[in-house]
Amino acid sequence: SPKILLRRVAPAVMAALDVERRWALNAVYCLVPRPGISPRALLGVLNSSVPSFWLRAVFLSDDRLFPYLRLSQLALLPLPDLAGTAAPVLVELEELVERRMAARGEEAGTLDERIDAVAAELYGLGEDDRAAVATCGPRSRR
């Protein structure tokens, strides 16, 4: 099954989908979603701003020189119940992620914003929380 690769050294959670089942070096963590969990939906949630915000808030890590994501931190990361999420929301998230994997430029930014909105909905975040979270995603560091 596809696995998700998470960069170990990055200013935010940065993940990619490996559908070709390649071997990974020690620069990434490999995550195989549980049965019943869509790899693309999980990828969308992980690449949204919410996990990066949570990790920064809980672990107070703002190391700009060598930002290192620890496995012990990832293990504590709260994730929405993707197995119990309504099908239309998951289908939308999967489609957005699929389009985002192929997108470039301005379209990519628009898709990132929409993925963030769906992820925030899955986490049950209100408008104030969404505004705070938007400052910590991978796109806010570019």
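Nothing here was measured: the structure is a model prediction, and the numbers come from that model.

Participant: Hey, could you run me through the packing of helix α4 (residues 87-102) against helix α5 (residues 105-123) in this one?
Facilitator: Describing two packed helices takes the angle between their axes plus the distance from one axis to the other. In contact at an axis separation of 10 Å, α4 and α5 are set at 155° when each is read in the N-to-C sense. One element, α4, and the other, α5, form an angle in the roughly antiparallel class. You can see that α4 and α5 cross each other, and the crossing is left-handed. Across the interface between the two elements, V89, E92, L93, L96, V97, R99 and R100 of α4 pack against E107, A108, L111, D112, R114, I115, V118, E121 and L122 of α5. Residues of the contact of α4 with α5, tallied by class, amount to 9 nonpolar, no polar and 7 charged.

Participant: Can you walk me through the sheet that holds strand β3 (residues 28-31) in this structure?
Facilitator: The strands making up a sheet are joined through hydrogen bonds of the backbone, oriented either antiparallel or parallel. Sheet architecture is open: 3 strands sit in the order β2-β1-β3, paired in antiparallel fashion. With one partner strand each, in any of the chains shown, β2 (15-18) and β3 form the two edges of the open sheet. Averaged over all pairs of adjacent strands, the angle between strand axes in this sheet comes to 30°, irrespective of strand direction. Inspection of the sheet shows strand β1 (residues 3-7) paired to β2 by 4 bridges, in the antiparallel sense. Note that in β2 the partner of I4 across the bridge is L17. Against the sheet, helix α1 (residues 39-47) makes contact with β1, β2 and β3, and its axis sits at roughly 165° relative to β2, the strand it touches most.

Cut-offs and rules
Residues numbered from 1 in each chain as written. Predicted model: local features only at pLDDT ≥ 70, side-chain atom pairs only at ≥ 80, totals over all residues. Heavy atoms only, no water. Axes fitted to C-alpha atoms, helices over the stretch in contact; angles between N-to-C directions. Helix = DSSP H or I, 4+ residues; strand = E, 2+ residues; numbered from the N terminus. Parallel < 35°, antiparallel > 145°, perpendicular 65-115°, else oblique. Left-handed = near helix turned anticlockwise from the far one by under 90°. Contact = heavy atoms within 4.5 Å. Nonpolar A, V, L, I, M, F, W, Y, C, P; charged D, E, K, R; others polar. Pairing = 2+ DSSP bridges.

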